[in-house]
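Each chain, written out:
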Amino acid sequence: EAGVTQSPTHLIKTRGQQATLRCSPISGHTSVYWYQQALGLGLQFLLWYDEGEERNRGNFPPRFSGRQFPNYSSELNVNALELEDSALYLCASSLAGTAKVFFGQGTRLTVV
Amino acid sequence: RKEVEQDPGPFNVPEGATVAFNCTYSNSASQSFFWYRQDCRKEPKLLMSVYSSGNEDGRFTAQLNRASQYISLLIRDSKLSDSATYLCVVNEITGGGNKLTFGTGTQLKVEL
């Protein structure tokens, strides 16, 4: 069974541009979480989607946004990129109502 | 005070040693607990859940102390392949659903 898949694996953008990151959850999982992990730092919660709705967001500016599609895949958009947005962006999925999450391999975003 | 605190390490131990990590959490309403393992530049992977009565999985033992608000992970007979960062995860069920908080991780290096 396929795990959580993310694309692209690596992404290089220039300051001010927009980045779009994609995530496909494990089949049957309806919840999708997005985390940011900057170099040497812990995982910072960004967004949580369940059944197509945004359920919670972390302490990030509005230029971080996303959505969840009817097939439960998800997209994270980062507008007006800043150098400090350079990080590993991890997507995780879980079954509805459970806390046990499974991560994708991440998208490494570099802003130059 | 951070919601979830871990000693960042690194813990350098010889192969075959027993090593223990602690993690403290500040929210007494936290309801479920996990340990994840993260290899360098890879995604976190679920190692084990932590149950109130304590639980064991091979060489790994997890314990929870609700009164003191900490969880622990004990690794016996350390292997070189155990070298990784171990993340403590605390879950609180809120009106918005599961709120997972990750610690920043404890780095383990097992040496010959």
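Everything quoted here is computed from the prediction, not taken from an experiment.

Novice: What is the right way to read the nonpolar core from this model?
Specialist: One recurring pattern in soluble globular proteins: nonpolar side chains tend to sit buried together. Ranked by internal contacts, the top residues of the largest apolar core, which has 23 residues, are Phe21(B), Trp35(B), Ile71(B), Leu73(B), Ile75(B), Tyr86(B) and Leu108(B). Every element with two or more residues in this core is listed here: strand E3 (19–25), strand E4 (32–38), strand E5 (44–50), strand E7 (60–65), strand E8 (70–75), strand E9 (84–94) and strand E11 (106–111) of chain B. With sequence-adjacent residues up to four places away left out, Leu108(B) is seen in contact with Phe11(B), Val13(B), Val19(B), Phe21(B), Ile75(B), Asp82(B), Ser83(B), Ala84(B) and Tyr86(B). Judged by nonpolar contacts, the second largest core, of 22 residues, contains Leu11(A), Trp34(A), Ala87(A) and Cys91(A).

Novice: When you look at the interface of chain B and chain A in this model, what are you seeing that I'm missing?
Specialist: Interface size is often expressed as the accessible area that is lost when the parts come together. Each partner contributes residues to the interface: chain B has 18 residues there, and chain A has 19 residues. Of all residues in chain B, Asn98(B), Leu100(B) and Phe102(B) bury the most surface against chain A, accounting for 32% of the area lost on that side. Between chain B and chain A we count zero salt bridges in total. At the boundary of chain B and chain A, one finds three residue pairs in polar contact (both at pLDDT 80 or more). The set of elements that each furnish at least two residues to the side of chain B that touches chain A consists of E4, E5, E9 and strand E10 (97–102) of chain B. Grouping the constituent residues of the side of chain B that touches chain A by class yields seven nonpolar, eight polar and three charged.

Scoring rules and cut-offs
- Residues numbered from 1 in each chain as written.
- Chains lettered and ligands numbered in written order.
- Predicted model: local features only at pLDDT ≥ 70, side-chain atom pairs only at ≥ 80, totals over all residues.
- Heavy atoms only, no water.
- Core = buried A, V, L, I, M, F, W, Y, C linked by side-chain atoms within 4.5 Å.
- Buried < 20%, exposed > 50% of the residue type's maximum accessible area, 1.4 Å probe, protein only.
- Helix = DSSP H or I, 4+ residues; strand = E, 2+ residues; numbered from the N terminus.
- Contact = heavy atoms within 4.5 Å.
- Buried area = accessible area lost by both parts, 1.4 Å probe.
- Salt bridge = Lys/Arg side-chain N within 4 Å of Asp/Glu carboxyl O.
- Polar contact = N/O pair within 3.5 Å; in protein donor to acceptor, adjacent residues only side chain to side chain.
- Nonpolar A, V, L, I, M, F, W, Y, C, P; charged D, E, K, R; others polar.

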